[in-house]
Amino acid sequence: MSRVEHTARTPVQMAALVVGVVFLLVGVAGFIPGLTTNYDTLGFAGHHSEALLLGLFQVSILHNIVHLAFGVAGIALARTARNAYLYLVGGGVIYLVLWLYGLVIDHDSAANFVPLNTADNWLHLFLAIGMIALGVVLGKRTLPART
């Protein structure tokens, strides 16, 4: 009879897994008419896409793919505490940069290729703060101290 060892996930791993699953669900939702309004205007990229996830967040095929990629990364990196920490903090930094980018670009310009609107910008700030906080607070409990 073989013995299967089960190791419990640490809190930082669980947080990365949950965040990853949420990003995966958001990425899928961006392709579902009804959850995404103005679905017929969904373009690959650019500010011309007027598709709105939940009637609020501007999305495109590229934007949805980014959410799906962040989701897959979160699920994959949740396998170890160190990688989960790096996913949360690194992902939070990426979203902080994306928030700043969304603030400085003209939303009606070619620079808005993702695309982003004001609701996206503030969500990105919330995600940045939340992901970094989860990584730092939960990672501090789990990761060995550096000497």
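Residues numbered from 1 in each chain as written. Predicted model: local features only at pLDDT ≥ 70, side-chain atom pairs only at ≥ 80, totals over all residues. Heavy atoms only, no water.

Per an unreviewed UniProt entry, the protein chain goes by DUF4383 domain-containing protein and derives from Lentzea xinjiangensis.

S.K.: What am I meant to see in the overall build of the protein chain here?
M.R.: What the protein chain contains, in helices and strands, is four helices and three strands. Dimensions of the protein chain, computed from the C-alpha atoms along their principal axes, are close to 55 × 40 × 20 Å. In the protein chain, buried positions account for 39% of the 147 residues. (Helix = DSSP H or I, 4+ residues; strand = E, 2+ residues; numbered from the N terminus. Buried < 20%, exposed > 50% of the residue type's maximum accessible area, 1.4 Å probe, protein only.)

S.K.: What should I look at first to understand the UniProt feature "transmembrane region" (unreviewed entry) in the protein chain in this one?
M.R.: UniProt's feature table lists "transmembrane region" (unreviewed entry) at residues 12-32, 52-77, 84-102 and 122-139, given in the numbering used throughout. For residues 12-32, the end-to-end C-alpha separation is 31 Å, with 86% helix and 0% strand making up the annotated structure. End C-alpha to end C-alpha, residues 122-139 measures 25 Å, and it is 100% helix and 0% strand. (UniProt positions renumbered as here; feature names shortened; annotations may be inferred.)

S.K.: Where do I start with the sheet that holds strand E1 (residues 36-37) in this structure?
M.R.: By definition, the strands of a sheet pair up through backbone hydrogen bonds, in either a parallel or an antiparallel sense. Pairing in this open sheet of three strands is antiparallel, and the strands run E1-E2-E3 from one edge to the other. Two strands close off the open sheet at either side, each with one partner strand: E1 and strand E3 (57-58). (Pairing = 2+ DSSP bridges.)

S.K.: What am I meant to see in the packing of aromatic side chains here?
M.R.: A ring pair, where both rings are aromatic, is described by two values, the distance of the centres and the angle of the planes. What the rule picks out here adds up to six aromatic pairs. Seen from their ring centres, Phe23 and Phe70 are 5.3 Å apart, and the 45° between their planes marks the pair as tilted. With Phe23 in helix H1 (residues 11-29) and Phe70 in helix H2 (residues 61-77), this residue pair connects regions lying 47 residues apart in the sequence. Neither Phe23 nor Phe70 differs from the other in exposure class; each is buried. When the centroid spacing of 6.3 Å and the interplanar angle of 65° are considered together, the rings of Tyr101 and Phe113 count as edge-to-face. (Phe/Tyr/Trp six-rings, centres within 6.5 Å; stacked < 30°, edge-to-face > 60°.)

S.K.: What exactly am I supposed to notice about H1 here?
M.R.: Helical periodicity: at 3.6 residues per turn, an α-helix aligns residues three or four positions apart in one direction. Its 19 residues place the ends of H1 27 Å apart at the C-alpha level, agreeing with the 27 Å of an ideal helix rising 1.5 Å per residue. Among the residues of H1, Val12, Gln13, Ala15, Ala16, Leu17, Val19, Gly20, Phe23, Gly27 and Ala29 are the ones counted as buried. (Expected span 1.5 Å × (residues − 1).)

S.K.: Could you clarify how one ought to interpret unusual backbone geometry in this entry?
M.R.: Comment: phi is negative for the bulk of residues other than glycine, and the bulk of peptide bonds are trans. The residue Asn38 is not glycine, and still its phi comes out positive at about 55°. Notably, Leu54 is not glycine yet its phi reads approximately 60°, a positive angle. Relative to the helices and strands, Leu54 is located in the loop between strand E2 (52-53) and E3.

S.K.: In this structure, what is going on with H2? I would like to understand it.
M.R.: Here H2 is 17 residues long and its end C-alpha atoms lie 24 Å apart, about the 24 Å a rise of 1.5 Å per residue gives. Taken together, the buried positions of H2 are His63, Asn64, His67, Phe70, Gly71 and Gly74. Each buried residue of H2 sits inside an arc of 120° when the element is viewed along its axis, so together they form one side. (Arc of directions from axis to C-beta.)

S.K.: Would you mind showing me how to read the environment of His67 here?
M.R.: Looking at where His67 falls in the secondary structure, it is placed in helix H2. In this structure the C-alpha to C-alpha distance between His67 and Gly34, which are 33 residues apart in sequence, comes to 18 Å.

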